[in-house]
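Descriptive structure summary
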Amino acid sequence: MLLRWITACLFFCFLLDGGEPEPFGKLCAGCHGDGGVGTDRGPALVNSRKLRNRSEEQILRLIRNGTQGGMPPFPLAESELRPLARWVHSLNASAYDVKPEGDEKAGERFFFGKGQCSTCHMVGGRGGVNGPDLSDAGKQLPLRGLEQVLDNPNTRGGERTASGCPGWAWCPQDQWAVVNVRLRSGSTLRGLLRGRGKHDLQLQTADGRLHLLTDAEYEEITREAASYMPPLKASGEERRNLIAYLSRLGGIPIGPLAGVKDEIPAAAIEGVLHPAPGEWPTYNGTLSGNRHSTLAQINTSNAGKLQLEWSYAIPYPRLETTPLVSEGTMFLSGPNQVCALDARTGREIWCYSRQRTPAGKIAGDAALGANRGVALLGDRVFFATDNAHLICLNRITGGLMWEVIIPELPGPYGSTAAPLVVGDLVVTGVAGGDQGIRGFLAAYKAATGELAWRFYTAPKPGERGSETWRGKAIDVGGGATWLTGSYDAGSGLLYWPTGNPFPDTDGDERGGDNLYTNSVVALEAKTGRMKWHFQFTPHDLHDWDATEPLVLVDTKFQGRERKLLLQANRSGFYYVLDRLSGEFLLGKPFVKKLTWASGIGADGRPQLVEGNRPSPRGTKTCPAVRGATNWYSTAFHPATRLFYVMAVEDCNIYKQSKLGGYEPYHDPADPPRKYLRALEVETGRIVWEIPQVGAPEANYSGVLSTAGGLVFYGETGGGFAAVDAKTGRTLWHFETNQVWKASPMTYAVKGRQYVAIAAGGNVFSFALGQ
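Residues numbered from 1 in each chain as written. Predicted model: local features only at pLDDT ≥ 70, side-chain atom pairs only at ≥ 80, totals over all residues. Heavy atoms only, no water.

**Comments concerning the sheet that holds strand β38 (residues 661-664)**
- Strand order in the open sheet made by the three strands is β34-β37-β38, with antiparallel pairing throughout. Across the chains shown, the open sheet's two edge strands, defined by having one partner strand only, are β34 (619-621) and β38. On average, adjacent strands in this sheet sit at an angle of 35 degrees to one another, irrespective of strand direction.
- As paired elements, strand β37 (residues 652-655) and β38 share four bridges and run antiparallel to each other. Directly across from Ile653, in β38, lies its bridge partner Glu663. (Pairing = 2+ DSSP bridges. Helix = DSSP H or I, 4+ residues; strand = E, 2+ residues; numbered from the N terminus. Axes fitted to C-alpha atoms, helices over the stretch in contact; angles between N-to-C directions.)

**Observations regarding the side chain of Ser765**
- Tracing the backbone through its elements, the reader meets Ser765 in strand β47 (residues 762-768).
- One polar contact links Ser765 to Tyr747, side chain to side chain, over a distance of 2.8 Å.
- When neighbours within four sequence positions are excluded, Ser765 is seen to be in contact with Gln307, Leu308, Glu309, Trp310, Tyr747, Tyr754, Val755 and Ala756. (Polar contact = N/O pair within 3.5 Å; in protein donor to acceptor, adjacent residues only side chain to side chain. Contact = heavy atoms within 4.5 Å.)

**Some words on the pairing of strand β6 (residues 188-196)**
- Relative to β6, strand β5 (residues 177-183) runs antiparallel, the two sharing six bridges. Its bridge partner lying in β6, Ala177 is registered against Leu193.
- Remark: four residues form the turn of the hairpin made by β5 and β6, two consecutive strands paired antiparallel; Gly186 in that turn has positive phi of roughly 105 degrees.
- Relative to strand β7 (residues 200-205), β6 runs antiparallel, the two sharing five bridges. Bridging across to β7, Arg196 finds its partner in Leu201.
- Counted between consecutive antiparallel strands, the loop separating β6 from β7 contains three residues.

**Some details on the packing of helix α9 (residues 143-151) against helix α10 (residues 236-247)**
- The interhelical angle for the contact between α9 and α10, taken along N-to-C directions, is 130 degrees, at an axis separation of 11 Å. By the angle class used here, α9 and α10 are oblique. Crossing of α9 over α10 shows right-handed handedness. Seen from α9, the contacting residues are Leu143, Leu146, Glu147, Leu150 and Asp151; seen from α10, they are Arg239, Leu242, Ile243, Leu246 and Ser247.
- Classifying every residue of the contact of α9 with α10 gives six nonpolar, one polar and three charged. (Parallel < 35°, antiparallel > 145°, perpendicular 65-115°, else oblique. Left-handed = near helix turned anticlockwise from the far one by under 90°. Nonpolar A, V, L, I, M, F, W, Y, C, P; charged D, E, K, R; others polar.)

**Looking at unusual backbone geometry**
- With an omega of 0 degrees, the peptide bond running from Phe502 to Pro503 counts as cis.
- Secondary-structure assignment places Pro503 in the loop between β25 (493-497) and β26 (519-524).
- Of note, the amide linkage connecting Leu515 to Tyr516 takes the cis form, showing an omega dihedral of 5 degrees.
- Its place among the elements puts Tyr516 in the loop between β25 and β26.
- Although it is not a glycine, Trp176 sits at a positive phi angle of roughly 75 degrees.
- Looking at the element boundaries, Trp176 is found in the loop between β4 (159-160) and β5.
- Here Trp176 falls in the buried class, since its relative accessible area comes to 4%.
- A positive phi angle is found at Gln558, which is not glycine, with a value near 50 degrees.
- As for its placement among the helices and strands, Gln558 is situated in the loop between β28 (551-557) and β29 (560-568). (Buried < 20%, exposed > 50% of the residue type's maximum accessible area, 1.4 Å probe, protein only.)

**Examining the sheet that holds strand β12 (residues 324-326)**
- Taken together, the four strands give an open sheet; going across it, the order is β12-β13-β14-β15, and neighbouring strands pair in antiparallel fashion. Here the strands that pair on one side only, and so sit at the sheet edges, are β12 and β15 (348-353). For this sheet, the mean angle separating the axes of adjacent strands, direction not counted, is 20 degrees.
- Bridge count between strand β14 (residues 337-342) and β15: five bridges; the pairing is antiparallel. Residue pairing for β15: Gln337 is matched across the bridge by Ser353.

**Looking at helix α4 (residues 56-65)**
- Of the residues making up α4, those classed as buried are Ile59, Leu60, Leu62 and Ile63. One side of α4 carries all its buried residues, which in axial view fall inside an arc of 165 degrees.
- Just downstream of α4, Gly66 is the residue with a positive phi angle, here 70 degrees. (Arc of directions from axis to C-beta.)

Now the structure itself:
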C-alpha cells in the first residue's frame, strides 16, 4: 500500500510539466507530505525506512511490475522509469549512501575511546548492550537524522520522542526509555525499558541484566524525561569524524571477528556443561542428547491441572524449533528468524530476521524453511541460516556479532539443525545430502567465528574410508549432518549422526559400504579427530539416514555399569553401543513391519533379506522412507529404565533412481500406524505402547520424560499429552489442532515449572494453575 500511494502520485508529479513543483501541489500534496508541504493522509515521500532499505533497482522493479493485490504496474519507458526510481531513492538516501567527509578511522577511535560510545552501543561484536546495536547505523538513518540524534538524543531522526528513546530510527517508541520501577518489596530498579504489557515489564539495568517482571512484583513505573544517552561532547573535527565512521556502518562483514579477545568465561561454559536446575540451554536440554529433565513439580499426581500460560506465533506453519531457556529468557527460531521472549509471559524482547534464500539457490528441507533451534553460550546465541551461514547474535540486544559461511566447497548446501556448544567451540552440520554434497561437520571458536576444525563424512579418493566407495559417486557422496549431536564431557568425545549416501536409491556408482554415511562418528571435540565410528546401515539404498538422536546414558547393562549410547534407528532397529569404544552391544527391532533384514549380527552388521533392493519397477520394503522413526526426540528415564520413542509401522515401494524413488504402499487392511513405545533398555522389548489416531506423516513430535514420572508427546490427532512413564496411562491432554513438527521441552522460572512445545506456527507454554 505504501508504494501504491507513492508511485501513483509520483507518476503524475514527475511526468506532468516535467516534475515542476506546481503539479506536486495540485496532484500529490493532497495525500503526501514533502518537507512541510502537503498533508499526512498518505505516507511521506521522504525519510521512509522501507524505501531507504531498497536499492534503486528494487524500486524500479516495483514501479514497473507492481505488487500482487496491491500497487498496479506502471508501463513506463526506460527513459521515464529510471529517473523516477532514482528520484524516489534519492528522497530516502541513508547516511551510508551520502558518505559524508571525515576521517573514518579517527571516528572509530573516538567511538571506542574518548567518546565512550561503546560503553552502551555495540558495533561489529564489540561494545556494550545498553543501547541498540549500531553495526548498520549508516543504513538505518539519513544523515540529517544521524546528526540530530548525536546533538540531541531526545530526537528520533529529527523528531522529538516523548519516551526518551535514544533516537535511532529503528528504536520502537517504548524501547530504551529510562524508567524507575518501584517493587512491591519496597526497593527500586532504574534502567532501560525493553518492553511492556499491561501486566508485565522488561527492564534492563545498567549492568546489562534483564529483569523480567510481572505486576505481582512491581507497583509503580515512572518514566524519566531525558534519554539515557547524553548529547555528544566533541570538537568540530571529532564530531565530523564520528559521523563519517557511523555513516559507513553498513552491517557485519562475513568472516571471523578481528581484534576481539578469543575468550569465553568459564562460568558460561559450565552453564552449558552442567545446567542449573530449570535451565534448558541446549537443544536436548543437556549435551547428552537425552531429553529427560530432573524437574518434578509437575508430576503424576497433578498433571491433570496443567493449563495454557501463553502462546507466541511465528509466521510459518510448520515450526520445528525446540526453545531454549536461560535466566528466564526463551530463545526460539523459525525460518531465518530468532526471537527472545520472556519465558513466563511469552512477551517478545527482540527478534532477528533476514530474508529467506530465494527458491532454486538451496534445496530440500532448508528451502522449505525447516529450522530446529539455536545454541547458547554466555552472551551469545548461535543460529544456522537456511543457506548454511553460521551467525552469532548478542543475547541481550539480538545484534549480529559475527557471521561465517559454513561450506568451503560449492554445492546445494543448506542448514536446518540447531548448533551444539562444546566448551568454547560451536559445532554445526549441513543439510543437502539428497541433492549431492560432501557432508561434513565444522567447529568454530565461539568468541570470534574462527574455524577450529572440519571433519568430512564423505572422504576424498585416497583418504581413510574411501576404500568403501567404488564408482564416481564419492565426489558428492552425501553423508549430511543435519541433526544436532551429543557430547560426553568425561571423555571429551563428540558424537554426531550422519545421513544417507547419494544417490539415495541407486547404488550402481557407489559400490561398497560408503563410509561414513548412515553412521555415528565419535570425534575428539577439541581437534575433530575421529576416535571410532559405527555404521548402522552399510550401503544404504532406502534413504534411512542415521540422523536420529544419540542418547548418552550411564546405567547397568548385562550386569555391570556401563557408559552407553542408545539410538532408535530409522531402519527399524534399536541399538546399544559402548560410547567409549564404539563396541556393538545390542541391535533389536522396535517395529514389526521390518522386511529388509532378519536381524543384526554379532558384528553389528544387518543380516540382509533378499528381494529388498530398489528396482526400476519398484520393490516393496519395510519400513517406509520416513523410517521406523526419524529425527524427533527420544528419552531414557533413569527411574523406569525405559527408552521412549515414537515408532511408525509402514512400508514403501522403492524405485531405483538417481533422484530418489519412493511411492506409498497401500493396504486397506493394514494401514500405516504410529505408536508411542516404551522399550526395555537392556533388551529392546516393548513394555507398553499407545496407538495413535491419524496419518503418521502428520506427526513429527518427539518425547520428553521428567523426574515427575511423566512422558510428554504430541498425539497424531493434534493433542499434546502427558502420560505415566511407567504404564503409558494418559493423564492430561490439550488439543492444539496442529500438525506436529517439533518436540517438547521443560524449564523453570522463579520456582515454577513450565512445559513448552511448538505446534504449527505457535509456541505453547503450560504450567500448573495458581
